Amino acid sequence: MAKQLDRTLGFWSVYTISLGAMLGSGIFVLPGIAASVAGPWVCLSYLLAGLMVLPAVFTKSELATSMPVAGGTYVYVDRAMGPWMGTITGMGTWLALCSKTAFSLAGLGTYLVMFSDADPGVFALGVLVLLLGLNLMGVGKVSNIQSFIVLMCVGALLIYCLLGAKSADPELMSPWFPEGIAGIISAAAFLFVAYAGVTKICSIAEEVHHPERNLPLGMLASMGTVLVLYAIVSWVITANVSYDTMSYDKTPIATAAAVFLGSRGQSFMAGIAVLGLIATCNAGVLSASRFPFAMARDSLLPGMFQHVSQRFGTPTKAIWATGLLLAILVTSLPVKELAKLASGFKIFLFCANHLALIVLRESNASWYKPRFRSPFYPWVQIVGILGGVWLLTYLGGLASIGIVLGILLGTVWYFWYVRKRVDRSSALRHLWGETRLLRETEMAELAEELTDQAPRVIVPFFGKEESTRHLVRVGSAFVDVGILEVVRLEEVPPQIPLLDAAEEDSTMLRISRESEQLASELHVQLDFHDVVTHNAKAALLHHAEAVMAQWIVMDWQTTRSESRLVRHPMAWWENHAPCDLAMFKDRGMERFVRILVKAEPGPHDSLVVHAADQLARQDKGEVVLFSMVPEDASPEQMQSGRDYHHQLRQLTRSETKSLIIKTSDTEKTIGEITRKFDLLVLGGAEERPLHNLFFGSNEHRLVEAASCSVLSLKTPRHRVHPRFELPDEHGEDHFDLGPYLVGAAVGIRIRGSRKEDIFRSMAGRIGEVVQVGSATGIETALWERERRQSTALTGGIALMSATCASIDSTVLGVFTLEQPVDFRGGGGEPVDVCLVTVAPPSDRQTQLWMLARMARMTLRPGFLAAMRQASNVQALREVVRDADENIDRL
């Protein structure tokens, strides 16, 4: 069981720790050095640096309220992008925080020598020992001292600004930009570290009471306070002391105070600076020490670092390790270089946080439930990343070298120590890694038709569904002879052991009870499973493959414009579901009496019609086949549509009607027509990967435009035949492929390295068989079908079907290619065998029978190898004929 820390910090503690982490070296040490770069208006550099940090405040507020645990940046990046990046950022953040704290300790020493002749390093080490003792005694005691120091510093600085403004010398403020705008930007990059402490509190979020409220409010309040205070204080300093005399001044607050407050005022402000720097160092020790603790808890560092004192409740060994590193840095590195390294790595880490948030949002991980959500997503994060890279270019080579060395150090440690101890998934793998799983299971999918296992329809619940009853009711309609399996998938963060969440809860009991009641009413056999997992998507995928499910019937995920940076929420499932997929958009209809079917030739039309027929029979309703044509459609086009509907009507047992409407605005028409219906059934999204990932598809927009409930259906690549039992007179067994094979278009080893070349050649040969003047219409039809869904199957075969109004009868094409061609755009096995059917809309049923038969032929052992070995057209034709005649021996 992982160690837990006590939650003792409220809003005021968050505010003061965050404020104290900034009210230190950033204003007490850096103004002089920064003014020598920016000029007298260094206050503008402070403002620019603060604005560039602001996106990180929003990002880390969201991340911290979703994962309020010790470790901050390390935890967020680790959970989003895996333990490799987690190791790099964990060690890098620890080093960056220690560098900034060491820089503050060194600055503290320069102020203390104003009161004594002792060595500044000795002073710094003495304060470090004191702070280590306080931190070992407990965070509650630390926060009380922190609050007192911060209040004194803020009050003193306000008085300092009021008095300093009165003595400001306008002549000292010119020239405005002696180094140009580049000087302002360079100084802003250098000053970035001054604000870095605002998010330090996130590393101890596990100890914050009500983190969903106190973390974002505390950080935003402290950021606003310091942004204004820094700008005014830096202006007061340069308005009283010439900027060109401050290149090596590490006590600028005291130097300026001597001008308008005298020697006593100088000593007083030096004392305030000492207190402020102590607060900064205190916050640095407090937050930096939590990184070894969090990393050890996740096995990224030796286990001794997660030791928690039973007396004080603090991670003692992690604190001692942090103290040792601080002592080494204080005694070995110059102040200015420490500041540059700290700024550079902080910029890098903030960029990593922005990227982590994007990955977590886009992964749709159900455990990611932040109480605070960053406004203007993803633009805030994009600005943060681009702004960070922009500032890094002005920091010089030292900062970049430091970042590279930090990455190398983390990488070496990961591969030497961490990799063999940690096997943890991440949201990045959750987001993009499922394609590998798909490739590994495609052969199992193809064998599904041969299984004797009872067919299963899976209805998953991820926790965001609005209605259990409606979704289960839809799922039951897909069960002919088999089992309805309701699966509740509870996704928990990777850092939580699954056994800790494996208890019954009210949501599980409610879904189970409602499912069992409805299954009893509909006379459907039900299995219920409650699954606790770190990756709900992968768990569902594996389970569907294990039981060889025929359907997954899932809720249509709500789409928000801010959720589409990386992909539409339904995009992955539509392209990679292991079985037939039904996505239900619930708009509150209890029964489906009037069902509208958007019918169009393609990979899903038989699936859509059969599903609508099943649902209509469940409630004794009617089905309306619906097509939209252009307003200038000819009578021939209208008749072709009616003929196509007539073919589809033969696939149903319910009362079925036809409706064809001329329109130029499909979304508006769908919205108006669906007001009269209970359910719209349509095919799933076309395969346009980049377009669908970013913007969604036309089908997605129709789902959102519809006024009634919507059921979107899609079949995997290997599914090319009806999934429902048909009346005997319409069965596939009555179909004879022989006559079509006699008049087939056959080609041996067609030449071409691109799909365009292959499609053109196949269309030309098919055009010769059907004797059309131009094969352009056939080629266009083949491309349109390929655009909707890739026709490539496992084994290097493409099973293609297209509907073309310019031909009079259905034709079969059998082709082998000279060299394999990539049909999926780099996402699968290349194709060197093509089976093609092209049919007029009025003969869609023949085409469906033909596709079903050829799909079964591809499963015949040795069939594809024999096709590839055929040396001439006649031999190739005989291979197909033999497979067709012996298909029942499969």
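Here the structure is a predicted model, which is why all the values come from computation and not from measurement.

Parameters and conventions
Residues numbered from 1 in each chain as written. Predicted model: local features only at pLDDT ≥ 70, side-chain atom pairs only at ≥ 80, totals over all residues. Heavy atoms only, no water. Helix = DSSP H or I, 4+ residues; strand = E, 2+ residues; numbered from the N terminus. Buried < 20%, exposed > 50% of the residue type's maximum accessible area, 1.4 Å probe, protein only. Contact = heavy atoms within 4.5 Å. Areas by Shrake-Rupley, 256 points an atom, 1.4 Å probe, with all protein chains shown as cover. Arc of directions from axis to C-beta. Pairing = 2+ DSSP bridges. Axes fitted to C-alpha atoms, helices over the stretch in contact; angles between N-to-C directions. Salt bridge = Lys/Arg side-chain N within 4 Å of Asp/Glu carboxyl O. Phe/Tyr/Trp six-rings, centres within 6.5 Å; stacked < 30°, edge-to-face > 60°. Lys NZ or Arg CZ within 6 Å of the ring centre and 35° of its normal.

(A) Quick peek at the overall build of the chain. Counting its regular elements, the chain contains 34 helices and 15 strands. A burial count over the chain gives 61% of its 890 residues as buried. Long-range pairs, those at least 24 residues apart, make up 83% of the contacts in the chain with a sequence separation of at least 6. When the accessible surface of the chain is summed, it comes to about 34200 Å², and 57% of that surface belongs to carbon and sulfur atoms.

(B) Here's a closer look at helix α28 (residues 698-705). By the burial criterion, the buried members of α28 are Glu699, His700, Leu702 and Val703. Down the axis of α28, the buried set is contained in an arc of 160°. They therefore lie on one face.

(C) Local environment of the sheet that holds strand β4 (residues 551-555). Read across the sheet, ten strands follow the order β3-β2-β1-β4-β5-β10-β9-β6-β7-β8 without closing on themselves; strand pairing throughout is mixed. Each end of this open sheet is capped by a strand with a single partner; those strands are β3 (526-533) and β8 (655-662). In this sheet, adjacent strand axes meet at a mean angle of 20° when their direction is disregarded. Running at roughly 180° to strand β6 (residues 594-598), helix α24 (residues 605-618) makes contact with β4, β5 (580-585), β6, β7 (622-629), β9 (679-683) and β10 (709-714) of the sheet. This element, helix α25 (residues 635-649), spans β7 and β8 of the sheet and lies at about 160° to β8.

(D) Expanded view of the pattern of salt bridges. Under the criterion given, the structure shown has 22 salt bridges. The residue aspartate 619 makes a salt bridge to arginine 591 at a minimum N-O spacing of 3.5 Å. With aspartate 619 in the loop between α24 and β7 and arginine 591 in the loop between β5 and β6, the pair connects residues that are 28 residues apart, well separated along the chain. For arginine 591, a relative accessible area of 44% puts it in the partly exposed group. Here glutamate 779 and arginine 760 are joined by a salt bridge, their closest N and O atoms 4.0 Å apart. Separated by 19 residues along the polypeptide, glutamate 779 in helix α31 (residues 776-788) and arginine 760 in helix α30 (residues 755-770) bring together distant segments of the chain. For glutamate 779, a relative accessible area of 18% translates into the label buried. Judged by relative accessible area, which is 44%, arginine 760 ranks as partly exposed. In the salt-bridge network here, residues are joined through shared partners; they are Arg754, Asp757, Arg760 and Glu779.

(E) Highlighting the environment of alanine 883. With respect to the helices, strands and loops of the structure, alanine 883 is situated in helix α34 (residues 873-885). Sequence spacing of alanine 883 and proline 861 is 22 residues, and the spatial spacing of their C-alpha atoms is 9.7 Å. Excluding anything up to four places from it in sequence, alanine 883 contacts Met857, Arg860 and Phe863.

(F) Expanded view of the pairing of strand β13 (residues 797-803). For β13, the buried fraction is high: six of the seven residues fall into the buried class. Note: strand β12 (residues 792-793) against β13, two bridges, orientation antiparallel. If you follow alanine 792 over to β13, its bridge partner there is alanine 798. Pairing between β13 and strand β15 (residues 831-839): seven bridges, direction parallel.

(G) Seen up close, the packing of aromatic side chains. Counting across every chain of the model gives 15 aromatic pairs. Geometrically, the ring pair formed by tyrosine 46 and tyrosine 230 is edge-to-face, given 5.4 Å between the ring centres and 70° between the ring planes. Linking tyrosine 46 in helix α4 (residues 42-66) with tyrosine 230 in helix α10 (residues 211-240), this pair joins segments that are 184 residues apart in sequence. Accessibility expressed as a relative area gives 0% for tyrosine 46, which makes it buried. Relative to tyrosine 417, the ring of tryptophan 416 has its centre 6.4 Å away and its plane inclined at 35°; by these criteria the two rings are tilted. Classification of tryptophan 416 as exposed rests on a relative accessible area of 56%. The exposure class assigned to tyrosine 417 is buried, which follows from its relative accessible area of 12%. Among the aromatic residues, those joined into a cluster by ring pairs are Trp41, Trp176 and Phe177. Above the plane of the ring of tyrosine 377 lies arginine 361, whose end atom (NZ or CZ) is 4.2 Å from the centre. Here lysine 755 stacks its cationic end above the ring of phenylalanine 823, 5.3 Å away from the centre of that ring.

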